[in-house]
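Chain and residue survey
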Amino acid sequence: MSHGEKTERMTELTEMLKARNAVLVAHYYTDPLMQELAEVSGGFIGDSLEMARFGANTDAQTIVVAGVRFMGETAKILSPEKRVIMPTLAAECSLDLGCPPEEFAVFRAQHPERTVVVYANTSAAVKAQADWVVTSSIAVDVINHLATRGEKILWAPDQHLGRYVATKTGADMLLWNGSCVVHEEFKAQGLQKLKAVYPEAAVLVHPESPEAVLALADVIGSTTQLLKATQNLPNQQFIVATDRGIFYKMQQASPQKSFIEAPTGGSGATCRSCAHCPWMAMNQLDNLRSSLLADDQEVHVDEGMRMKALVPLQRMLDFSAGLKL
Ligand code: 13P
Ligand code: SF4
């Protein structure tokens, strides 16, 4: 797309959003063009906790969520009076897909004595069965809080984040065995070799990555926490083990620094997701435009389920407000 075409497209979409009293809320993993549109149209870019918080507090009548389905559902659960639309409702998440509500109900019923904590990357139907919802930015704090009260945890769905949190907090956690198709592919051996090539680089890792990769990290955190690390650390180079969509904001915040993708393939192996979420990639300007025109990608959540899912979600937001996160 030429510079002129891009400006034209951004202007057209900004006007379409304005005409609908809509605000665009985008995740860092979406296409840089989508993030740029969020910036120029007065929208928001953030991690999943910040997206939820922004959606809950905006005055706009319509929230356009560029991300994956659970993010759209979260916005709807928190703001039932608003319309929530997405560029495409087909944008899923392997963690959400790997934790069907019926199977989760069986797991939960087997351990009634445990406090149920689910990651935000789940369907509304799974959240509706939980005591707490957490995102990666707040998981350690919430579990610490519960462990201090002597509570045992039933955790779903991301096993790597669950293991990391259990190790950090010492909490007794029973883990569902889900994983993220993107972060699961980062390879410790390749990362070790890359560290040798760039000895001055800080290694930033999202906690959905495997244990051996986390062990090589200088900083482990949510997307926003990793972005902040690139601004706060003195290093000029960063090896980044998360979706490469975040390079847009990292580079924008620190134009003089360089960012290197952590390796996803072993020797001779080919990557499947290649550090890029296939579902996040479905959010494009073209389908955003069609969604706004056709008005056929609205998120709906059954009201009974919404009321149940709201309780653990609101608990997370209240807790995060106390932490001033
Ligand atoms: P964050 O909460 O860190 O933005 O993570 C969301 C996600 O889907 C990571 O894969
Ligand atoms: Fe889900 Fe992984 Fe994509 Fe995040 S990157 S939305 S966890 S599949």
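Residues numbered from 1 in each chain as written. Chains lettered and ligands numbered in written order. Predicted model: local features only at pLDDT ≥ 70, side-chain atom pairs only at ≥ 80, totals over all residues. Heavy atoms only, no water.

Heads up, the condition is: UniProt positions are given in the numbering used here, feature names are shortened, and annotations may be inferred rather than shown by experiment.
If you look the protein chain up in an unreviewed UniProt entry, it shows as Quinolinate synthase from Salinispirillum sp. LH 10-3-1. If you open the UniProt record of the protein chain and go to Subcellular location (unreviewed entry), you find "Cytoplasm". UniProt, in the comment section headed Cofactor (unreviewed entry), describes the protein chain in these words: "[4Fe-4S] cluster".

Details of helix α8 (residues 139-148)
Using the following cut-off: Between buried and exposed lies partly exposed: a residue is buried under 20% and exposed over 50% of the maximum accessible area for its type, with that area taken using a 1.4 Å probe on protein chains only. Under the DSSP-based scheme used, a helix requires at least four consecutive residues in state H or I and a strand at least two consecutive residues in state E, with every element numbered from the N terminus. By construction, the arc corresponds to the directions joining the helix axis to the C-beta atoms. For this analysis, residues touch if any pair of their heavy atoms sits within 4.5 Å.
Those residues of α8 not exposed but buried are Ala139, Val140, Val142, Ile143 and Leu146. Viewed along the axis of α8, the buried residues span an arc of 165 degrees, placing them on a single side of the element. Structurally, α8 contributes buried residues whose contacts are with β5 (115-119), β6 (132-134), β7 (153-156), α9 (159-169), β8 (173-175) and α15 (303-323). A positive backbone phi angle near 80 degrees is found at Gly150, which sits one or two residues after α8.

Here's the deal with the sheet that holds β5
Keep this limit in mind: At least two DSSP bridges between two strands are needed for those strands to be called paired. Note on definitions: angles span 0 to 180 degrees between N-to-C directions of axes, and those axes are lines fitted to C-alpha atoms, for helices only across the stretch in contact.
Within the open sheet, the four strands sit side by side as β6-β5-β7-β8. Their pairing is parallel. Of all the strands in the sheet, just β6 and β8 have a single pairing partner and so form its edges. Geometrically, the sheet is characterised by an average inter-axis angle of 25 degrees between neighbouring strands, direction not taken into account. The pairing of β7 with β8 spans three bridges and is classified as parallel. Across the sheet, residue Ile153 finds its bridge partner in β8, namely Met173. The strands touched by α8 are β5, β6, β7 and β8; relative to β6, the strand with the most contacts, the crossing angle is about 150 degrees.

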